[in-house]
Amino acid sequence: KDSPEYFAITLEVTSKLDALITEVKAMWEERQAALALPLDMGCFFQVDTLVQPFTQITLQVGLANLDVDARLGEFARQYAPELFPEEQRFEAWLPVSLYEFEVEVTNPTMVQSNDEQEILTGSGSVQSNVAPQGCGFERCWEFATYAAPYAERSLADRAAVSKGLAIVTQMTEGVMADLTAAQQYAIGRNDRPRQPNQVVFLFTLNRTIREDAPPTSPPVVGQSLPITQTLVVRGPQGYDFEEDCTVLIEVADVFG
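Values in this document were obtained by computation on a predicted structure and should not be read as measured data. (Residues numbered from 1 in each chain as written. Predicted model: local features only at pLDDT ≥ 70, side-chain atom pairs only at ≥ 80, totals over all residues. Heavy atoms only, no water.)

**A closer look at the overall build of the protein chain**
Piece 1. Along its length, the protein chain carries four helices and six strands.
Piece 2. Seen in sequence order, the protein chain has helices and strands lined up from the N terminus as α-β-β-α-β-β-β-α-β-α.
Piece 3. Across the 256 residues that make up the protein chain, the buried fraction comes to 14%.
Piece 4. Taking the contacts inside the protein chain whose residues are at least 6 apart along the sequence as the reference set, 48% of them involve residues at least 24 apart.
Piece 5. When the accessible surface of the protein chain is totalled, it reaches about 21,000 Å², and 54% of it is carbon and sulfur. (Helix = DSSP H or I, 4+ residues; strand = E, 2+ residues; numbered from the N terminus. Buried < 20%, exposed > 50% of the residue type's maximum accessible area, 1.4 Å probe, protein only. Contact = heavy atoms within 4.5 Å. Areas by Shrake-Rupley, 256 points an atom, 1.4 Å probe, with all protein chains shown as cover.)

Rendered as structure tokens:
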């Protein structure tokens, strides 16, 4: 132990350890600043063989998906304990903070609406074998945290719910028409800066939605449709339209 070789090796190991500690501390602090979840956290999705009206993913601190993340978490707690509150230095904890995370997912196969609906009393609580509810819409996402051990299902905080999203299909087509020179002349097309212009759009829908009328009640000729539907066209910044713009729909009106 007193040999020069031993001291040289010890010095080299200590130097490399210090460098590794510095690197891990910087990485951990960078993740905290970015509102990232701890490194030693894993995400698990288990396909349930039971038929239930919801899907569920589980994020568990201390059970990382990658072995290297688990080792880094253990290393940080052992060699950089100042990164953690005193009571959280020897266990995997999720400190109180704001977190952002992204999960890859495949959408449901069927089109699904997400209309507003009344919030029923008690609908915001976690219930087994019941779809998340209480967000004011048909489809909700529910967030709940549990104390260890998870098997006891003991809530650590009151669960939160958030509005979900509708599952829709993309319209078949939506383009700005590619006009011939003769057609552009016929409609008065003028692409110069700040000049009045005429543009032609084409779109094709792949399904019809009558939001407020039962499908068994077709519209009667001569009467207003019992629904109002909206088509929104967004384009590059800089174009100006009349506040009450005029839309021509007859081919003879468009092309003369």
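**Structural notes on the confidence of the model for the protein chain**
Piece 1. In this model, the protein chain carries a mean pLDDT of 80, and residues with pLDDT of at least 70 account for 85%.
Piece 2. A low-confidence stretch, residues 211-223 (pLDDT under 50), is modelled with 11 contacts involving residues beyond four sequence positions or located in other chains. (pLDDT = per-residue confidence, 0-100.)

**Focus: the layout of surface pockets**
Piece 1. Computed from the structure, the second largest pocket encloses a volume of approximately 1,900 Å³.
Piece 2. Surrounding the second largest pocket, 43 residues form its lining, Q198, V199, V200, F201 and F241 being those nearest its centre.
Piece 3. Of all elements in the fold, only β5 (173-176), β6 (201-204) and α4 (251-255) reach the threshold of two or more residues within the lining of the second largest pocket.
Piece 4. When residues of the lining of the second largest pocket are assigned to their parent elements, the largest contribution, four residues, is made by α4.
Piece 5. Along the lines of polarity and charge, the residues of the lining of the second largest pocket split into 24 nonpolar, nine polar and 10 charged. (1 Å grid on protein atoms, 1.4 Å probe; cavity = no way out; pocket = protein on both sides within 12 Å on 5 of 7 lines; lining within 4 Å. Points joined across faces, edges and corners; volume = space filled by probe spheres on them. Nonpolar A, V, L, I, M, F, W, Y, C, P; charged D, E, K, R; others polar.)

**A look at unusual backbone geometry**
Piece 1. If you check the backbone angles, L35 has positive phi at about 60° while not being a glycine.
Piece 2. In this fold, L35 is placed in the loop between α1 (4-33) and β1 (41-45).
Piece 3. Look at L35 and you get partly exposed, because its relative accessible area is 23%.
Piece 4. Located in the positive-phi region is R194, a residue other than glycine, with phi close to 60°.
Piece 5. In this structure, R194 sits in the loop between α3 (181-187) and β6.

**Things to note about the nonpolar core**
Piece 1. Ranked by size, the top nonpolar core spans nine residues in total: I21, V24, W28, L39, F75, A76, A80, L83 and F84.
Piece 2. Only α1 and α2 (67-79) provide two or more residues apiece to this core.
Piece 3. Ranked by the residues each element gives to this core, the list is headed by α1, at three residues.
Piece 4. Once residues within four sequence positions are removed from consideration, A80 is found in contact with K25 and F75.
Piece 5. In terms of nonpolar packing, the next biggest core, distinct from the first, is built from five residues, A177, L179, I187 and V254 among them. (Core = buried A, V, L, I, M, F, W, Y, C linked by side-chain atoms within 4.5 Å.)

**Structural notes on the pattern of salt bridges**
Piece 1. What the rule picks out here adds up to six salt bridges.
Piece 2. One salt bridge in this structure joins E82 and K25, with 3.0 Å as the shortest N-O distance. In this pair, E82 sits in the loop between α2 and β3 (140-143) while K25 sits in helix α1, placing the two residues 57 residues apart along the sequence.
Piece 3. Residue classification places K25 among the partly exposed residues on the basis of a relative accessible area of 24%.
Piece 4. Residue D240 pairs with R194 through a salt bridge whose shortest N-O separation is 3.4 Å. Of this pair, D240 sits in the loop between β6 and α4 while R194 sits in the loop between α3 and β6, placing them 46 residues apart in sequence. (Salt bridge = Lys/Arg side-chain N within 4 Å of Asp/Glu carboxyl O.)

**Re the environment of A186**
Piece 1. Following the sequence through the fold, A186 ends up in helix α3.
Piece 2. In this structure, the C-alpha to C-alpha distance between A186 and D253, residues 67 residues apart in sequence, is 10.0 Å.

**Topic: a nonpolar patch on the surface**
Piece 1. Nonpolar side chains collect at one region of the surface, where M171, M176, V199, F201, F203, L205, L231, V233, Y239 and F241 lie side by side and expose about 1,000 Å² of accessible area between them.
Piece 2. Position of Y239 among the secondary structure elements: in the loop between β6 and α4.
Piece 3. On the accessibility criterion, Y239 (59% relative accessible area) is exposed. (Patch = residues over 30% accessible without salt bridge, like charges linked within 9 Å, V, L, I, M, F, W, Y side chains within 5 Å.)

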